[in-house]
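Spelled out from the first residue to the last, the chains are:
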Amino acid sequence: MSITENLKRIKNTLPNDVALVAVSKTKSISEIREAYDAGHTIFGENKIQEMVEKWENMPKDIQWHMIGHVQRNKVKYMAEFVSLIHGVDSIRLLREIDKRAKQNNRVINCLLQIHIAEETTKFGLNANELNELIHSDTFHKMKNIAIVGLMGMATFTDDTNQIRREFRFLKTLFDSTKKTIPNISILSMGMSGDYEIAIEEGSTMVRIGSSIFGARNAH
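Computed from a prediction, not measured in an experiment: that's the story for all the values here. (Residues numbered from 1 in each chain as written. Predicted model: local features only at pLDDT ≥ 70, side-chain atom pairs only at ≥ 80, totals over all residues. Heavy atoms only, no water.)

1. Notes on the pattern of salt bridges
No. 1: Evaluated as defined, the whole model comprises 8 salt bridges.
No. 2: Across the salt bridge formed by Glu45 and Lys54, the nearest N and O atoms sit 2.9 Å from each other.
No. 3: Under the relative-accessibility criterion, Lys54 is labelled buried at 5%.
No. 4: In this structure, Glu200 and Arg164 form a salt bridge, with 2.8 Å as the shortest nitrogen-oxygen distance. A residue pair is termed long-range when its members are at least 10 positions apart, and Glu200 in helix H9 (residues 195–200) and Arg164 in helix H8 (residues 160–177) qualify at 36 residues.
No. 5: In the salt-bridge network here, residues are joined through shared partners; they are Arg164, Arg168, Glu200 and Glu201. (Salt bridge = Lys/Arg side-chain N within 4 Å of Asp/Glu carboxyl O. Buried < 20%, exposed > 50% of the residue type's maximum accessible area, 1.4 Å probe, protein only. Helix = DSSP H or I, 4+ residues; strand = E, 2+ residues; numbered from the N terminus.)

2. Regarding the sheet that holds strand E5 (residues 108–113)
In any sheet, the strands associate via hydrogen bonds between backbone groups, in a parallel or an antiparallel arrangement.
No. 1: The parallel closed barrel is built from 8 strands, whose spatial order is E1-E2-E3-E4-E5-E6-E7-E8. For this sheet, the mean inter-axis angle between neighbouring strands, taken without regard to orientation, is 30 degrees.
No. 2: Here strand E1 (residues 19–23) runs beside strand E2 (residues 42–45); their pairing, made up of 2 bridges, is parallel. Looking at E2, one finds that Ala22 is bridged to Phe43.
No. 3: Most of the contacts of helix H3 (residues 48–57) go to strand E3 (residues 63–66), to which it runs at about 175 degrees, and overall it touches E2 and E3. (Pairing = 2+ DSSP bridges. Axes fitted to C-alpha atoms, helices over the stretch in contact; angles between N-to-C directions. Contact = heavy atoms within 4.5 Å.)

Shape descriptors only; they carry no functional weight alone.
Next up, the structure:
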C-alpha cells in the first residue's frame, strides 16, 4: 500500500479526538511530501539536524514535533519553529527550552516524559520527580514554555496486559497533574505496535511511523 493509502486507513480507525503524529524520522522529503499532499501536516522527528533540514525544505504549515531524546545543546537549532517537544525529562532541559524560546519571542509547547516502562533504556521522570517539577518555583517562573501534556512509552513486549497497565498508570498521572496544570490536554502514548491499547486507555496523541511509511530505513 502507498503512504497515502496507509494514512487514510489509519486515520479511519482513529477517534476524532486523537491526533496522529506521522513519525517521519529517516524518511525522505519526497516521502513526507506524499503524506503532506494527502492532507497530513503533523510529523515527528528524533534528530534535530534532520528536522531542521526538512523544515527548511518543506511547506511552513507543517507542525514539526521533536519526539526523540533532546540534548540541551541542540535546543537552539529548533527553537525558531518546533511545534511540540515530546521528551522533556528534566528541569534543566525545560530551562534551556524556556531560554531559547524567549530569544525567539515564542512560547514553546512541551510534554513531560514519564518513565512507565520496565526497560531501563527509556528516559523519563518518575511520579515523584514529576510532582516535584510541577510544584517547583523554577517551573512557575518560566514564561516561554507551556506544558500541554504528558508522554510515555510502554515496555516493548508482547504482554498486552503489561502494556495496558503502564498506559493506565500514565493516564492516572495525567489526571492528577491536571489538578496542578488545568490546561493540559495531550496524553501522548501509543506507537505503531500498541496504539490501539493506548487509545483504549485514554491516549489523545499517537506516534505512528512504520505503519504509514513502511519499515524504517537504517540510520
